[in-house]
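Remarks on the overall topology
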Amino acid sequence: MTQDKHISTQAPIGVFDSGFGGLSILREIRKVLPDYDYIFLGDNARAPYGSRSFHLVYEYTLQAVKHLFDQGCSLVILACNTASAKALRTIQQKDLPGIDPSKRVLGVIRPTVEKVGEISQNGHVGIFGTPATIQSESYNIEIGKMHPTFKVFGHACPMWVPLVENKESEGEGADYFVKKDIDALIGLCPDIDAVILGCTHYPLLVNKIKQYMPEGVHIIEQGGIVADSLKDYLARHPEIDARCSKGGTCQYFTTEDAEKFSEMGSIFVNEQIEAKHITL
């Protein structure tokens, strides 16, 4: 009886991130799938996740997923590379069967890896990410599965998220750190022809990245890729699509100060938003 009730109830698609960055993913999802309802949850009070341990990232992410499930969501997108790298697989395999096997949690790494095979011509791929994402080697593992001949070179950029969140993405400090990190990555392999921006904050630095990236290197942003992948997923899973409400609305929640989130979040989505505070 419980499962039938879940199936007949429609609810928004949940989108989770440790902070603001996932809003760049949500923005692109809403462009591709504007008719759906969404709930965005940012765990800003405990951000950044990039320097957290594997266990803490998993615990925090699971709490957020459960909260979104409690709001009725049947589908949750982890719009966070660190959460996708450190928590997604465990939640899918260990937790979902006990919570509700009909619900789904998806991440941002796999769709990005699928796309890189179409973009890289020589199989030398660079990854920019948080220390946690690079340390997890999740991109290396996924690329190795899908594109076994590819060579992957990761570089952590611990200063990029603070630059964005302190509204310095167009400042001179950004020039210094972006150039330094690009030089470090290309120094690992001059033949890199595609670089994945493996953190949802990084698109806000894309102007600087394009300025200092060597000519001919493709810069892979995740937003559009994840949005197209979700559209395809819903088309292939009509039973999940039927449980997603379609009113074109979007609600925003944060574990930190709602006013602060609304101000900063508006920069990521290019429109004024109003968030509410929750406690996980």
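Rules used throughout
- Residues numbered from 1 in each chain as written.
- Predicted model: local features only at pLDDT ≥ 70, side-chain atom pairs only at ≥ 80, totals over all residues.
- Heavy atoms only, no water.
- Axes fitted to C-alpha atoms, helices over the stretch in contact; angles between N-to-C directions.
- Helix = DSSP H or I, 4+ residues; strand = E, 2+ residues; numbered from the N terminus.
- Parallel < 35°, antiparallel > 145°, perpendicular 65-115°, else oblique.
- Left-handed = near helix turned anticlockwise from the far one by under 90°.
- Contact = heavy atoms within 4.5 Å.
- Nonpolar A, V, L, I, M, F, W, Y, C, P; charged D, E, K, R; others polar.
- Pairing = 2+ DSSP bridges.
- Expected span 1.5 Å × (residues − 1).
- Buried < 20%, exposed > 50% of the residue type's maximum accessible area, 1.4 Å probe, protein only.
- Arc of directions from axis to C-beta.
- pLDDT = per-residue confidence, 0-100.
- Salt bridge = Lys/Arg side-chain N within 4 Å of Asp/Glu carboxyl O.

**Re the packing of helix H3 (residues 54-70) against helix H5 (residues 88-99)**
Put simply, H3 and H5 touch, their axes get as near as 12 Å, and they point 40° apart. As far as their axial angle goes, H5 and H3 are oblique. Considering the relative orientation of H3 and H5, their crossing is right-handed. Together, Phe54, Tyr58, Thr61, Leu62, Val65, Lys66 and Phe69 of H3 and Thr90, Ile91, Lys94, Asp95, Leu96 and Ile99 of H5 make up the contact between the two elements. Grouping the constituent residues of the contact of H3 with H5 by class yields eight nonpolar, two polar and three charged.

**Regarding the sheet that holds strand S2 (residues 38-42)**
Spatial strand order, S4-S3-S1-S2-S9-S10: six strands in an open sheet with parallel pairing. Two strands close off the open sheet at either side, each with one partner strand: strand S4 (104-106) and strand S10 (275-277). Between one strand axis and the next, the sheet turns by 25° as a mean value, whatever way the strands run. Here strand S3 (residues 75-78) pairs with S4 via three bridges, running parallel. Its bridge partner lying in S4, Leu75 is registered against Arg104. Sitting on the sheet, helix H2 (residues 22-32) touches strand S1 (13-17), S2 and strand S9 (250-254), and the angle it makes with S2 is about 170°. Sitting on the sheet, helix H14 (residues 258-269) is in contact with S2, S9 and S10, with an inclination near 145° to S10.

**Considering the sheet that holds strand S8 (residues 218-220)**
As summarised here, the arrangement of the four strands in space is S6-S5-S7-S8, forming an open sheet in which the pairing is parallel. The two strands at the open ends of the sheet, each matched to only one other strand, are strand S6 (151-156) and S8. Averaged over neighbouring strand pairs, the angle between their axes works out to 20° when direction is ignored. Sheet topology note: the strand S5 (residues 124-129)/S6 ladder contains six bridges and is parallel. Opposite His124, over in S6, you have Lys151 as the bridge partner. Against the sheet, helix H6 (residues 109-119) touches S5, strand S7 (194-198) and S8, its axis set at about 165° to S8. Sheet strands in contact with helix H10 (residues 172-188) are S5, S6 and S7, and its direction is about 155° off that of S6.

**Thoughts on H5**
Along its 12 residues, H5 runs just 15 Å from first to last C-alpha, ending more than 12% under the 16 Å computed at 1.5 Å per residue. Listed in full, the buried residues belonging to H5 are Leu88, Ile91, Asp95 and Leu96. For H5, the buried positions fall inside an angular range of 105° around the axis, keeping them on one side. Pointing more than 90 degrees away from the buried face of H5 are the exposed residues Gln93, Lys94 and Gly98.

**Examining the confidence of the model for the protein**
A low pLDDT score tells you not to read the predicted coordinates there in detail. Per-residue confidence for the protein gives a mean pLDDT of 94; residues scoring 70 or more make up 97%. Segment residues 1-7: pLDDT under 50, and five contacts once partners within four positions in sequence are set aside and those in other chains are kept.

**So, the pattern of salt bridges**
Counted by the stated rule, this structure contains 15 salt bridges. Two residues, Glu142 and Arg89, come together in a salt bridge whose shortest N-O distance is 2.8 Å. Placement of Glu142 in helix H8 (residues 138-146) and of Arg89 in helix H5 is noted, with a sequence separation of 53 residues between them. Exposure remark for Arg89: the relative accessible area of 44% places this residue in the partly exposed category. Residue Glu114 is joined to Arg110 by a salt bridge in which the shortest nitrogen-to-oxygen separation is 3.7 Å. Taken together, the residues span about one helical turn, with Glu114 and Arg110 both in helix H6 at a distance of four residues. A relative accessible area of 39% places Glu114 in the partly exposed class.

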